[in-house]
Amino acid sequence: MAIIITDDCINCGACEPECPNSAIYEGAIDWRWQDKTKLSGKVTFPDGTEADAGAYQQAYSDEVYYIVPGKCTECKGFHEEPQCKTVCPVDCCVDDPEHRETDDTLFSRQAFLHN
């Protein structure tokens, strides 16, 4: 499963630099697929959708830090456990019940983003 940041977030920013996929962004800041990944130009995703990796996408939250579900791998392929959960001082990085994913899916996403 992917991880979400709850409204309990105090906007300390401890999680953002720890994410190896740049899946975490400050509230109201738009995000890009190419940030901290090997994606560039026009990209075709495993589900067949296409996007410009350099184009800015709308922020998921205007209030607190947020995690882009399509970039979150729960740190699979990088660390033993999700680093955002490890460093969060208020335990607001939690499993996202809306995005249940297998380890195989998370490892495949990691490979797609970085290989």
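Residues numbered from 1 in each chain as written. Predicted model: local features only at pLDDT ≥ 70, side-chain atom pairs only at ≥ 80, totals over all residues. Heavy atoms only, no water.

The protein chain appears in an unreviewed UniProt entry as Ferredoxin from Chryseobacterium vrystaatense.

1. So, the overall build of the protein chain
Scanning the protein chain from N- to C-terminus turns up two helices and six strands. Secondary structure elements in the protein chain, listed N-terminal to C-terminal, are β-β-β-β-β-α-β-α. For 115 residues, the compact-globule estimate of 2.2 N^0.38 gives 13 Å, and the C-alpha radius of gyration of the protein chain, at 13 Å, lies within 12% of that figure. Judged by the C-alpha coordinates and their principal axes, the protein chain covers about 35 × 30 × 25 Å. For the protein chain, buried positions account for 43% of its 115 residues. Taking as baseline every contact in the protein chain between residues at least 6 positions apart, the subset at least 24 positions apart corresponds to 73%. (Helix = DSSP H or I, 4+ residues; strand = E, 2+ residues; numbered from the N terminus. Rg over C-alpha atoms; globule rule 2.2 N^0.38 Å. Buried < 20%, exposed > 50% of the residue type's maximum accessible area, 1.4 Å probe, protein only. Contact = heavy atoms within 4.5 Å.)

2. With respect to the pattern of salt bridges
Per the stated rule, a full pass over the model turns up five salt bridges. Its salt-bridge partner being Lys-85, residue Asp-95 comes within 2.7 Å of it at the nearest N-O pair. One end of the pair, Asp-95, is in strand S6 (residues 93-95); the other, Lys-85, is in helix H1 (residues 83-87), and ten residues separate them in sequence. Here Asp-95 falls in the partly exposed class, since its relative accessible area comes to 34%. Owing to a relative accessible area of 30%, Lys-85 belongs among the partly exposed residues under this scheme. For the salt bridge of Glu-101 with Arg-109, the shortest nitrogen-to-oxygen distance reads 2.5 Å. (Salt bridge = Lys/Arg side-chain N within 4 Å of Asp/Glu carboxyl O.)

3. With respect to the packing of aromatic side chains
Per the stated rule, a full pass over the model turns up six aromatic pairs. When the ring of Trp-31 is compared with that of Trp-33, the centres are 4.9 Å apart and the planes differ by 75°; the resulting orientation is edge-to-face. Comparing Trp-31 with Trp-33, the two get one shared label, buried. Ring plane angle 35° and centroid distance 5.7 Å describe the contact between Tyr-60 and Tyr-66, whose orientation is recorded as tilted. Taken together, the ring pairs in this structure connect Tyr-25, Trp-31, Trp-33, Phe-45, Tyr-60, Tyr-66 and Phe-112 into an aromatic cluster. (Phe/Tyr/Trp six-rings, centres within 6.5 Å; stacked < 30°, edge-to-face > 60°.)

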